[in-house]
Amino acid sequence: MKASPYIIILFLLFLAEANSAGQEPIQGEVTYITSQHVYVRFSSTNGLSEGDTLYMKGNQEELPALVILSHSSTSCVCEPLTDREFSLKEQVIGRQKNLIPDEPASAKEAAPVTNKENMPAEIIEDEEDAETTGTAESRKQDIFGRVTLAYYSFLKNPESEGRQHMRYAFSLSARNIAGSGLTFENYMTFSHTLDQWDEIQEDIFNGLKIYRLSASYAFNESIKLTAGRRINPRLSSVGAIDGVQYEMKFGSLSSGIFAGSRPDYQDYSFNSGLFQYGAYLAHDFKGAAGIMQNTLAYIEQMNHGSTDRRFMYFQHSNTLVSNLWFFGSVEADLYENVEGEGQTVFNLYNTYANIRYRVIPSLTLSLSYSARNNLIYYVSYKDFLDRLLDQGILQGWRFRVNYRPIPYLYLGAHAAYRYRKEDPHPAKNANFYATYTRIPHIGASVTATLTWMQSSYLDGMIYGLGIGRDFLQGKLHADLKYNYVDQALRNNEIDVGQHVGEAGLSWNMYRKLSLSTYFEGIYNNSLWSNRIFISLNQRF
């Protein structure tokens, strides 16, 4: 099988040389998320500049995640470097350089968000991975967490029954307990529909989801043992591991093994019948201008003693070349079982590559390619295996350009093309936006958007206009948005026009206590629906 097109780029990036720069770490957190941008707040952005890379904690290393497009004295407007899903309050690390005296926060205001998601999703929170390395003298206990109470409401026409949904979340991270190498991590949620409590009584795991519950111990700077449920950043494609993970470092090399089980694929509960094990080898290189990381892994997943899936996984990330970011991953299936006959194979399964280049400080280009098959577990999915095997590879291209022609004005375009050979028509879409972050006299940010989409079942356009503003020195943020959706369904040639209004309010009430509200109303001739989301968040 031919190698993926980006293998040559991978080889060239391995040979890249690093530039030098003195940088100090500064920690911030994600405050807003839109379809194009991620907003990060710091205590001060002094020493950060446009084009700088922001990082997120991996397993004892920092992973490139965002690039700064613009910034104020306390906030940054960023663009993701990969397709990773971000969540509010996630911790982000910047590298300060060329420090100058702080500017008063009132001198410049952060660019507020004007393009929220249609509905806040239930995102698996990804706290920073535990720092349990270092000598006993350097270890310092650090305990933090948060509790979230959220209310969702969905209501259609008066004659239809609405739905009300509650969600509770709790996370806790206790690092280097009592100055030792012991760390405990937990993240879990419980959700239910108010008038459907019988589903919870039938099975508690219909509402309870435990995403992380683990304890780890660092014996020294090189050896770490983890037990419980945890996602290993080195093995992100594997998902959560219920069992034991062991890692040993040899300078820039790391090796690890794990054994345990997968969460149940129906309700995410513990299922000892889904045994899995594997091993990986990783190499980290840190230069003055960036980092390079490589991971090669082997994983065997089973279902009550029978092989469910066997595959290899390779991941590469690279920021060594100035103004260039690259991420690539590929999976290869090593086993298949068709009509009861298991055999060893080598089939490329999922391929993904993303490259991003900052041409000049005000112009950035990015291109990504993906080729994905359906994930197949030969035992777990045996009842509909034929249908999965018949579906071809879903391939797609994405191109993005961001340009700042003058201060405070941001222009961008995003185009995507996806196709599968059995589809009647490929899926195509294009999005254009223009944002001006400093409207005179009112200090607001305004964004206009235009979206074109075409697929096997619809053609459509979406026109949008939004405005947002910070109040009370950034403690209160409000935004309003209007969208007009004009789309036609291909099969019945019906034109559908929708008016969509959105309103959001975020309030940092007191220190680590915050409140968020969101409303969306959709109106289509005589039909209407609305969604309401309220979230109360307490960090500690």
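Residues numbered from 1 in each chain as written. Predicted model: local features only at pLDDT ≥ 70, side-chain atom pairs only at ≥ 80, totals over all residues. Heavy atoms only, no water.

Participant: Explanation requested: the overall build of the protein in the structure shown.
Facilitator: Scanning the protein for helices and strands turns up 3 helices and 28 strands. Taking contacts inside the protein between residues at least 6 apart in sequence as the whole, the part at least 24 apart equals 52%. (Helix = DSSP H or I, 4+ residues; strand = E, 2+ residues; numbered from the N terminus. Contact = heavy atoms within 4.5 Å.)

Participant: Honestly, the packing of aromatic side chains in this entry has me stumped. Any pointers?
Facilitator: Centre-to-centre distance and the angle between the planes together describe a pair of aromatic rings. A full pass over the atoms with the stated rule returns 11 aromatic pairs. When the ring of Tyr-152 is compared with that of Phe-533, the centres are 5.0 Å apart and the planes differ by 45°; the resulting orientation is tilted. Highlighted residues: Tyr-152 in strand β7 (residues 142–155) and Phe-533 in strand β28 (residues 527–539), separated in sequence by 381 residues. This pair shows no difference in class: Tyr-152 is buried, exactly as Phe-533 is. One aromatic cluster in this structure is built from Tyr-168, Phe-190 and Trp-197. One residue, Arg-309, lies across the ring of Tyr-349, its end atom 4.7 Å from the ring centre. (Phe/Tyr/Trp six-rings, centres within 6.5 Å; stacked < 30°, edge-to-face > 60°. Buried < 20%, exposed > 50% of the residue type's maximum accessible area, 1.4 Å probe, protein only. Lys NZ or Arg CZ within 6 Å of the ring centre and 35° of its normal.)

Participant: Just to check I follow, could you spell out the pattern of salt bridges for this structure?
Facilitator: Any two side chains of opposite charge can pair, given that their charged atoms come close. With the rule as written, the count across this model stands at 9 salt bridges. Residue Glu-29 pairs with Arg-539 through a salt bridge whose shortest N-O separation is 3.2 Å. Taken together, the residues span a long stretch of sequence, with Glu-29 in strand β1 (residues 24–33) and Arg-539 in strand β28 at a distance of 510 residues. Ionic pairing is found between Arg-309 and Asp-333, a salt bridge with its closest N-O pair at 3.2 Å. A residue pair is termed long-range when its members are at least 10 positions apart, and Arg-309 in strand β16 (residues 306–318) and Asp-333 in strand β17 (residues 324–338) qualify at 24 residues. Neither Arg-309 nor Asp-333 differs from the other in exposure class; each is buried. Overlapping salt bridges, with partners in common, bring together Glu-185, Arg-212 and Arg-230 in one network. (Salt bridge = Lys/Arg side-chain N within 4 Å of Asp/Glu carboxyl O.)

Participant: How do you make sense of the pairing of strand β11 (residues 223–231) when you look at a structure like this?
Facilitator: Along any regular strand, the residues point their side chains to alternate faces of the sheet. Of the pairings in the sheet, the one linking strand β10 (residues 208–218) to β11 comprises 6 bridges and is antiparallel in character. Residue pairing across strands places Tyr-217 opposite Leu-225, the latter belonging to β11. Where β10 folds back on β11, the antiparallel hairpin that results is connected by 4 residues. For β11 and strand β12 (residues 240–250), the ladder comprises 9 bridges, and the chain directions are antiparallel. Within the sheet, the bridge partner assigned to Ile-231 lies in β12 and is Ala-240. (Pairing = 2+ DSSP bridges.)

Participant: Got a minute to help me understand the nonpolar core in this structure?
Facilitator: Counting residues in hydrophobic clusters, the biggest one holds 15 residues, and the most contacted among them are Val-40, Phe-42, Leu-54, Leu-66, Cys-78 and Val-92. Look past the residues within four positions of Val-92 in its chain and what remains in contact with it is Ile-26, Gln-27, Gly-28, Val-30, Val-40, Phe-42, Leu-54, Tyr-55, Met-56 and Leu-66. Among the nonpolar cores identified, the runner-up in size contains 9 residues, and Leu-235, Phe-258, Ala-297 and Phe-311 belong to it. (Core = buried A, V, L, I, M, F, W, Y, C linked by side-chain atoms within 4.5 Å.)

Participant: Help me out: how do you make sense of the pairing of strand β24 (residues 458–471) in this one?
Facilitator: Of the pairings in the sheet, the one linking strand β23 (residues 445–454) to β24 comprises 10 bridges and is antiparallel in character. Along β24, the bridge assignment pairs Thr-447 with Gly-466. Hairpin connection of β23 to β24: 3 residues between the antiparallel strands. In this sheet, strand β25 (residues 476–489) lies alongside β24 in antiparallel orientation, the contact comprising 14 bridges. Opposite Ile-467, over in β25, you have Leu-480 as the bridge partner. The turn joining β24 and β25, which pair antiparallel and follow one another in sequence, is formed by 4 residues; a positive phi near 55° is taken by Leu-472.

Participant: How should a nonpolar patch on the surface be read in this particular structure?
Facilitator: A grouping of Tyr-357, Val-359, Ile-360, Leu-365, Leu-367, Trp-397, Phe-399, Tyr-403, Leu-411 and Tyr-417 is seen on the molecular surface, where their side chains present a nonpolar patch of about 830 Å² in accessible area. Elements that contribute at least two residues to the nonpolar patch include exactly β18 (341–360), β19 (363–372), β20 (394–403) and β21 (409–419). Its location among the elements puts Leu-367 in strand β19. (Patch = residues over 30% accessible without salt bridge, like charges linked within 9 Å, V, L, I, M, F, W, Y side chains within 5 Å. Areas by Shrake-Rupley, 256 points an atom, 1.4 Å probe, with all protein chains shown as cover.)

Participant: I would appreciate a short explanation of the side chain of Ser-535 in the present structure.
Facilitator: Summarising the element assignment, Ser-535 is placed in strand β28. If we skip the residues at most four places from it in the chain, Ser-535 touches Thr-148, Leu-149, Ala-150, Ser-514, Leu-515 and Ser-516.

Participant: Help me out: how do you make sense of the confidence of the model for the protein in this one?
Facilitator: Low pLDDT means the predicted atomic positions in that stretch should not be read closely. When the pLDDT values of the protein are averaged, the result is 80; 78% of them are 70 or greater. Low pLDDT, under 50, characterises residues 1–23; the predicted model gives this stretch 45 contacts beyond four residues in sequence or across chains. Counting interchain partners and residues more than four positions distant, the pLDDT-below-50 stretch residues 97–133 has 130 contacts. (pLDDT = per-residue confidence, 0-100.)

Participant: Whenever I open this one, the side chain of Ser-317 confuses me. Can you help?
Facilitator: Within the secondary structure, Ser-317 is located in strand β16. In this view, Ser-317 contacts Ile-291, Met-292, Gln-293, Phe-326 and Phe-327; residues no more than four positions away in its chain are not counted.

Participant: What's the story with a negative patch on the surface in this structure? I'm lost.
Facilitator: A grouping of Glu-161, Asp-195, Asp-198, Glu-199 and Glu-202 is seen on the molecular surface, where their side chains present a negatively charged patch. Mapping Asp-198 onto the fold places it in helix α2 (residues 197–202). (Lys, Arg positive; Asp, Glu negative; His and termini not counted. Charge placed at Lys NZ, Arg CZ, Asp CG, Glu CD.)

Participant: I tried to follow the environment of Ile-532 on my own but got confused; where do I start?
Facilitator: By secondary structure assignment, the location of Ile-532 is in strand β28. Ile-532 sits in the partly exposed class, given a relative accessible area of 31%. When the C-alpha atoms of Ile-532 and Ala-503 are compared, they prove to be 9.8 Å apart, with 29 residues separating the residues in sequence.

Participant: Help me out: how do you make sense of unusual backbone geometry in this one?
Facilitator: What is expected of a backbone is that most residues other than glycine have negative phi and most peptide bonds are trans. Although it is not a glycine, His-304 adopts a positive phi angle of roughly 50°. With relative accessibility at 63%, the residue His-304 sits in the exposed group. Look at Leu-472: it is not a glycine, yet its phi comes out positive at around 55°. Assignment of secondary structure puts Leu-472 in the loop between β24 and β25. The class for Leu-472 is exposed, based on a relative accessible area of 59%.

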